[in-house]
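Here are the chains, one letter per residue:
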Amino acid sequence: MSDLDSFKVKQEARQRAAAPHRSTPYIEVVNRYLGAFSYTDPYVPVPARLPARPAGVGAITGAVIVGADDAPISHVAVDHAAIEAELRGQTLLIVHTGPPSRDPRMLTNLTERAHVLAPDVAVTTHATIGMGATELLLTDAGATDLIVVGHRHGAIRGTLRRSVADQVAARHPGPVLVVRTPWPTEPEQATWPLLVGMDGSASSTRAAEFAVQEAQLRGCDVILLRITPEPSEVLDWTDRRGGVTVRNRTVAGNPVNELIDAARGAAAVVLGRPSGRSRLGSVNRAVLHHVDCPVFLAG
């Protein structure tokens, strides 16, 4: 996606955000979140409730599972997990493994933080030792549960120098949300679309279906970005799916470079991944490690 295309996407988002009386659940969440939480103090409370789900969108079966430790990025992961649980009408499970936290009230504080941000969400915790973070998350999560993990650029840990985010995203059969800090940095970003990387595979089709479901909850658009090695004569088109505006765009170039570039104008990137593999593909892993916005990986 060219700089001009990225600029157009952002301009469209600004225009939608400026429309009279326009509001969506996710816009309201982000406005409240930015006004209440500080990344330098992860326990600042917020005295407001999140908005209800859009009319016609019911609760989604399952739960949201998030890994937490003493690192600030895990606090941000809990924030995103609480928001997703509220929007989806799901329960939230905060898990921690390894040596005892330096803060004996860590899980209690994170639970209180989640309750303040999402008061209607039921929150539970699970702490254990002797089990790796990846194994605990995969053990506690059901096949369709959403797992949320924090990730830092350049933070490579785990088996074969793969981060927990890499391992969970590759092995969990359900959706995974990888987040980093700071995000969002301004309310305008709540109006940006979800960006889906399309390559003609069945997994990318599932990613598009997941993105439409997520967009229904957020009240945003979806962009399906098809990347070809050579310029294509396929014209861009716009459709409506489940009440969501879906824009199909085709660009020529390197898949990694084009996705990273287009992600600068996206609220989140949604990528598909084939099932039955223990590692992420090269494109998914490169995008995961280089974009600044959250990344969903849909199984």
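Because the structure is predicted, anything quoted here is derived from the model rather than measured.

A. Here's a closer look at the overall build of the chain. Check the secondary structure of the chain and you find nine helices and 11 strands. Taking all 299 residues of the chain together, the buried fraction comes to 52%. Counting contacts in the chain only where the partners sit at least 6 residues apart, residues at least 24 apart contribute 77% of the total. Counting only carbon and sulfur atoms, one obtains 54% of the accessible surface of the chain, whose full area is about 13200 Å².

B. Structural context of the pairing of strand E4 (residues 146-150). Counted residue by residue, E4 has four buried out of five residues, so it is predominantly covered. Two strands pair when backbone bridges link them, and strand E1 (residues 63-67) and E4 are joined in this way by three bridges, in the parallel orientation. Bridge pairing links Ile65 to Ile147 in E4. Where E4 lies against strand E5 (residues 176-179), four bridges are found, and the strand directions are parallel. Opposite Val149, over in E5, you have Val178 as the bridge partner.

C. Structural detail: the sheet that holds strand E6 (residues 194-198). Across the sheet, which stays open at both edges, the 11 strands sit in the order E3-E2-E1-E4-E5-E11-E10-E6-E7-E9-E8 with mixed pairing between neighbours. Taken across any chain shown, the strands that pair with only one partner, and hence form the sheet edges, are strand E3 (123-128) and strand E8 (237-241). With direction set aside, neighbouring strand axes in the sheet form an average angle of 25°. Where strand E10 (residues 268-272) and strand E11 (residues 295-298) come together, four bridges link them in parallel fashion. The residue bridging Val270 from the neighbouring strand is Phe296, located in E11. Across the face of the sheet, helix H3 (residues 72-88) comes into contact with E1, strand E2 (91-97), E4, E5 and E11 while running at roughly 175° to E1. Along the sheet face, helix H5 (residues 133-140) touches E1, E2, E3 and E4 and points at about 150° away from the line of E2.

Calculation notes
Residues numbered from 1 in each chain as written. Predicted model: local features only at pLDDT ≥ 70, side-chain atom pairs only at ≥ 80, totals over all residues. Heavy atoms only, no water. Helix = DSSP H or I, 4+ residues; strand = E, 2+ residues; numbered from the N terminus. Buried < 20%, exposed > 50% of the residue type's maximum accessible area, 1.4 Å probe, protein only. Contact = heavy atoms within 4.5 Å. Areas by Shrake-Rupley, 256 points an atom, 1.4 Å probe, with all protein chains shown as cover. Pairing = 2+ DSSP bridges. Axes fitted to C-alpha atoms, helices over the stretch in contact; angles between N-to-C directions.

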